[in-house]
Amino acid sequence: EYAGYFEDSGFSVSDRRLSAAMPAGELPFGGYKGCHDALVERGFVFTDLEPDALMPRAREIHSIVNAAFGGTPLFVPAGFEEFLYSAGARTGHADGAVVILAHYGLNKPAAFLLGLPDSCSGGKNFVFKTIGVMPECRRMGMGSALFYLMHSRLEGRGVRKCIFSTMRDDNPAI
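Calculation notes
Residues numbered from 1 in each chain as written. Predicted model: local features only at pLDDT ≥ 70, side-chain atom pairs only at ≥ 80, totals over all residues. Heavy atoms only, no water. Phe/Tyr/Trp six-rings, centres within 6.5 Å; stacked < 30°, edge-to-face > 60°. Helix = DSSP H or I, 4+ residues; strand = E, 2+ residues; numbered from the N terminus. Buried < 20%, exposed > 50% of the residue type's maximum accessible area, 1.4 Å probe, protein only. Lys NZ or Arg CZ within 6 Å of the ring centre and 35° of its normal. Core = buried A, V, L, I, M, F, W, Y, C linked by side-chain atoms within 4.5 Å. Expected span 1.5 Å × (residues − 1). Bend = angle between axes of the 7 residues up to and from the residue. Pairing = 2+ DSSP bridges. Salt bridge = Lys/Arg side-chain N within 4 Å of Asp/Glu carboxyl O.

(A) Inspection of the packing of aromatic side chains at higher detail. According to the stated counting rule, one finds six aromatic pairs in the structure shown. Ring geometry for Phe29 and Phe147: centres 4.9 Å apart, planes at 15°, overall stacked. A residue pair is termed long-range when its members are at least 10 positions apart, and Phe29 in the loop between strand E1 (20-23) and helix H2 (33-41) and Phe147 in helix H5 (residues 142-154) qualify at 118 residues. Residues Phe29 and Phe147 agree in their burial class; the two are buried. Each residue in the set Phe29, Tyr32, Phe126, Phe128 and Phe147 is aromatic and connected to the rest through ring pairs, giving one cluster. For Arg59, the ring lying beneath its charged end belongs to Phe80, and the centroid distance is 3.7 Å.

In structure tokens, the structure reads:
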């Protein structure tokens, strides 16, 4: 399923933990603009969260994480304080991290995508790290819209390669 999503777009699966890697200039996600535009027309809003905006929006991301990954065998639910310690603090201090949050209605969280520069490559590679979509927002093109937005954020940043490490291929939350 998920691996097929990337394979259909020209990626090869290296490992189930490292879904795929591809030169940044060959990313196919620019073609997903239509998914993004259709969701915006339906009332979805996509927000780039700068490091100083992460903490005020952390509860939204935490709720997506718990709902999106709660039924998967490798997920260990974390309380909000533990979530902040394990995920929020590191992301907020990662230079060049990108977090895109999608919401709808009266600020109901819909999905998020987290990416950050790969420190092993000195930031020349970029890791698409975590994506989560609320169950009621799946099968709408949300993942495609988020990948499109992340791709557009990376243009002009000098990224050499993108590494996709966004969970297992049989996880419906992605």
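We are not done yet, so read on.
(B) Main features of the nonpolar core. Ranked by size, the top nonpolar core spans 48 residues in total, and within it Phe46, Ile61, Phe128, Met142 and Cys162 carry the most contacts. Elements represented by at least two residues in this core include exactly strand E2 (45-49), helix H3 (51-69), helix H4 (80-93), strand E3 (98-104), strand E4 (108-117), strand E5 (125-133), H5 and strand E6 (161-164). In terms of residue count, H5 provides more of this core than any other element does, eight residues in total.

(C) Inspection of H3 at higher detail. Taking 1.5 Å as the rise per residue, H3 with 19 residues should run 27 Å; its terminal C-alpha atoms sit only 24 Å apart, a clear shortfall. Along its length, H3 reaches its greatest deviation from straightness, about 65°, at Arg57. Within the span of H3, buried status applies to Leu54, Arg57, Ala58, Glu60, Ile61, His62, Ile64, Val65, Ala68 and Phe69.

(D) Up close: the pairing of E6. Pairing between E5 and E6: four bridges, direction parallel. Pairing of Phe126 across the sheet is with Cys162, part of E6.

(E) Representation of the pattern of salt bridges in the model. This model, assessed by the stated rule, comprises three salt bridges. Asp48 is the salt-bridge partner of Arg153, the closest N and O atoms lying 2.5 Å from each other. Within this pair, whereas Arg153 is found in helix H5, its partner Asp48 is found in strand E2, the two being separated by 105 residues in sequence. By relative accessible area, Asp48 is classed as partly exposed at 31%. Glu60 is paired through a salt bridge with Arg57; the nearest N and O atoms lie 2.4 Å apart. One end of the pair, Glu60, and the other, Arg57, are both in helix H3, three residues apart, so they sit about a helical turn from each other. Of the two residues examined, Glu60 and Arg57, each falls in the buried class.

Note that every value here comes from positions in space, so none of it alone points to a role or purpose.
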